[in-house]
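In case you want the letters, here they are:
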Amino acid sequence: MGATRYQAMKRHGGFQIVALCDTRLDHMEGYREAKYQEWKECIDACEPQAVVVCTFNMAIPDVVCYALQRGMAVFSEKPPGRTLEDAVRMQKAQQETGTILKFGFNHRAHNSIIEAKALIDSKLLGDVVCIRGVYGKAGNSEFQSEWRNNPELSGGGILLDQGIHMLDLMCYLTDSDMHVINGEVSNLVWKEMKTEDSAFAMLETDKGQQISLHSSAIQWRHKFDMDIICTNGYIALNGLLTSTRSYGEESITYYRKDLGMKTGRLGKPKEYTMCFDEDFSWDIEMNEFYDVVMKGKELINGRPEEAVRVMKIIKEIYGYKQGDVR
Ligand SMILES: NC(=O)c1ccc[n+]([C@@H]2O[C@H](COP(=O)([O-])OP(=O)(O)OC[C@H]3O[C@@H](n4cnc5c(N)ncnc54)[C@H](O)[C@@H]3O)[C@@H](O)[C@H]2O)c1
């Protein structure tokens, strides 16, 4: 992600990247900027105006809080630390220092999500009544030993790593907070792994909308699907454009209720589909960060309170776990 964010800053053109930091020098090979292996030394030596944090989850809160306390603006990757307490700590540091803190929930800036949000807000399809989301990936032979599945470094499994994006989208699209009705976090296949490979949750928004989430590391393929059912139609989001294109073509399909069946057969109505073949999400996020820092614009996406909101939901889902994976 460090490389992805670096490239987005370069494409933007308004950033002057003064230094890079990674505990592993070999991960910074080929870059011309000053290189550090210790983040505090890097921040102290360079005194940048802004810091972009893309480390393992464990390091995120310390780096974020330190930079904020030194008056620097911070863009940090999701998840906002390993726990709700981490997220609250960073939110407090932001409030106390009055500096800028944005978290990278880049899925909001995917084309299909931008269209879905506009469609929902237009009320063309009425009100959202329920959402069903599936976000799944395939683990490979190294999956069990990845840092993402070391609870010390990551804080949680697939729910915290990937499910968090979908939960954030569900809050964003309904413009609401959610509470958990039921949840199950389990190790269905990777039994030895210390973090979950599956999470199921039933949730309800503050507006009474019913939400279901299946977050999976045992889908054995990459999959992103979200069905948004509204009073007067539906929206189907399928696929998500990434650099590997492994989540399939990204599309949004919608149908406006037509009970008289003037526009199609019962059960197979006339739908409208838009497909996308470019992912601008990284650029949109960096652009927003730049505009907030340099032009004093209001931060809309990835606000600390949104980070706390989603971490509260995740904590609640983990709380439903039978046994003790975490
Ligand atoms: N927005 C997204 O869609 C998205 C996608 C993938 C990962 N992420 C997030 O980005 C972060 C990094 O994930 P990744 O996939 O790039 O992992 P990665 O393993 O590819 O890269 C992490 C890098 O951080 C370095 N690092 C770890 N601890 C450090 C420390 N204390 N100081 C300096 N460097 C340190 C590692 O050496 C490594 O080079 C995670 O928080 C992850 O959740 C977000």
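Parameters and conventions
- The written sequence of each chain sets the order in which its residues are numbered from 1.
- Under the rules for a predicted model, residues below a pLDDT of 70 receive no local features and side-chain atom pairs below 80 are neither given nor counted, while totals for whole chains, interfaces and linings still include all residues.
- Note: side-chain values were computed over all heavy atoms of the structure, leaving out hydrogens and water.
- Per the annotation, domain bounds derive from an automatic or database assignment of domains.
- Residue contacts are defined here by distance: any two heavy atoms, one from each residue, within 4.5 Å place the two residues in contact.
- Accessible surface is computed with a 1.4 Å probe, and the buried area is the amount of it that two parts give up when combined, taken over both parts together.
- Here, a salt bridge means any side-chain nitrogen of Lys or Arg that lies within 4 Å of a carboxyl oxygen of Asp or Glu.
- In protein, a polar contact requires one atom able to donate a hydrogen and another able to accept it; more generally it is a pair of N or O atoms within 3.5 Å, and residues adjacent in sequence count only if both atoms are side-chain atoms.
- What counts as a helix is a DSSP run of H or I of at least four residues, what counts as a strand is a run of E of at least two, and both are numbered from the N terminus.
- When we say a residue is near a molecule or strand, we mean one of its heavy atoms is within 4 Å of it.
- Residue-level accessible areas treat just the shown protein chains as cover; the underlying method is Shrake-Rupley with a 1.4 Å probe.
- Residues are grouped as follows: Ala, Val, Leu, Ile, Met, Phe, Trp, Tyr, Cys and Pro are nonpolar; Asp, Glu, Lys and Arg are charged; every other residue, Gly included, is polar.
- Axis lines are fitted through C-alpha atoms, for helices just across the contact stretch, and the angle between N-to-C directions can take any value from 0 to 180 degrees.
- Orientation labels follow simple angle bins: below 35 degrees gives roughly parallel, above 145 gives roughly antiparallel, 65 to 115 gives roughly perpendicular, and whatever is left gives oblique.
- For any helix crossing, the convention is left-handed if the near helix is rotated counterclockwise from the far helix by under a right angle, and right-handed if that rotation is clockwise.
- In this scheme, strands are said to pair when DSSP sees at least two bridges between them.

Visitor: Just to check I follow, could you spell out the domain arrangement of the chain for this structure?
Guide: A common way to express how large an interface is: the accessible area buried when the components associate. Per the domain assignment, the segments of the chain are domain 1 (2-106 + 285-302) and domain 2 (107-277 + 307-319). The gap between the C-alpha centroids of domain 1 and domain 2 is 26 Å. With 21 residues of domain 1 at the interface, the matching set in domain 2 holds 22 residues. Summed over both sides, the interface between domain 1 and domain 2 buries roughly 1,900 Å², with carbon and sulfur atoms accounting for 64% of that surface. At the junction of domain 1 and domain 2, the tally comes to three salt bridges. With a shortest N-O distance of 3.0 Å, lysine 315 and glutamate 85 are connected by a salt bridge. If you look at where domain 1 meets domain 2, you find twelve residue pairs in polar contact (both at pLDDT 80 or more). Broken down by secondary-structure element, the contributors of at least two residues to the side of domain 1 that touches domain 2 are α4 (84-97) and β5 (101-104).

Visitor: Looking at this model, I keep getting lost on the site of the ligand. Mind explaining?
Guide: Inspection of the region around the ligand gives 23 residues, with Met1, Asp22, His27, Asn57 and Arg148 positioned closest. A distance of 2.8 Å separates an oxygen atom of the ligand from a polar atom in the backbone of methionine 1. At 3.1 Å, a side-chain N or O of asparagine 106 approaches an oxygen atom of the ligand. Taking 840 Å² as the accessible area of the ligand by itself, protein coverage stands at 81%. When grouped by side-chain class, the residues that make up the shell around the ligand number nine nonpolar, eight polar and six charged. Each of two domains, domain 1 (2-106 + 285-302) and domain 2 (107-277 + 307-319), supplies a minimum of three residues to the shell around the ligand.

Visitor: So what exactly am I meant to see when it comes to the packing of helix α1 (residues 2-12) against helix α8 (residues 281-295) here?
Guide: Between α1 and α8, the shortest axis-to-axis distance is 9 Å and the interhelical angle comes to 65°. Our classification of the angle between α1 and α8 gives roughly perpendicular. The interaxial crossing formed by α1 with α8 has right-handed handedness. Contacts from Thr4, Arg5, Ala8, Met9, Arg11 and His12 of α1 reach α8 at Trp282, Asp283, Glu285, Met286, Asn287 and Tyr290. Of the residues belonging to the contact of α1 with α8, the class tally is five nonpolar, three polar and four charged.

Visitor: Please clarify how the side chain of serine 76 should be interpreted in this entry.
Guide: Its place among the elements puts serine 76 in strand β4 (residues 73-77). In this view, serine 76 contacts Val53, Ile60, Val64, Lys102, Phe103 and Gly104; residues no more than four positions away in its chain are not counted.

Visitor: What is the right way to look at the sheet that holds strand β6 (residues 128-138) in this model?
Guide: Paired through backbone hydrogen bonds, the strands of a sheet run either parallel or antiparallel to each other. Across the sheet, which stays open at both edges, the eight strands sit in the order β7-β8-β9-β6-β10-β11-β12-β15 with mixed pairing between neighbours. With partners counted over all chains shown, the strands left at the sheet margins are β7 (178-186) and β15 (272-276), one partner each. With strand direction ignored, the average angle separating the axes of adjacent strands in the sheet is 10°. Two strands pair when backbone bridges link them, and strand β12 (residues 250-256) and β15 are joined in this way by five bridges, in the antiparallel orientation. Within β15, the position partnered with isoleucine 252 by the bridge is methionine 274.

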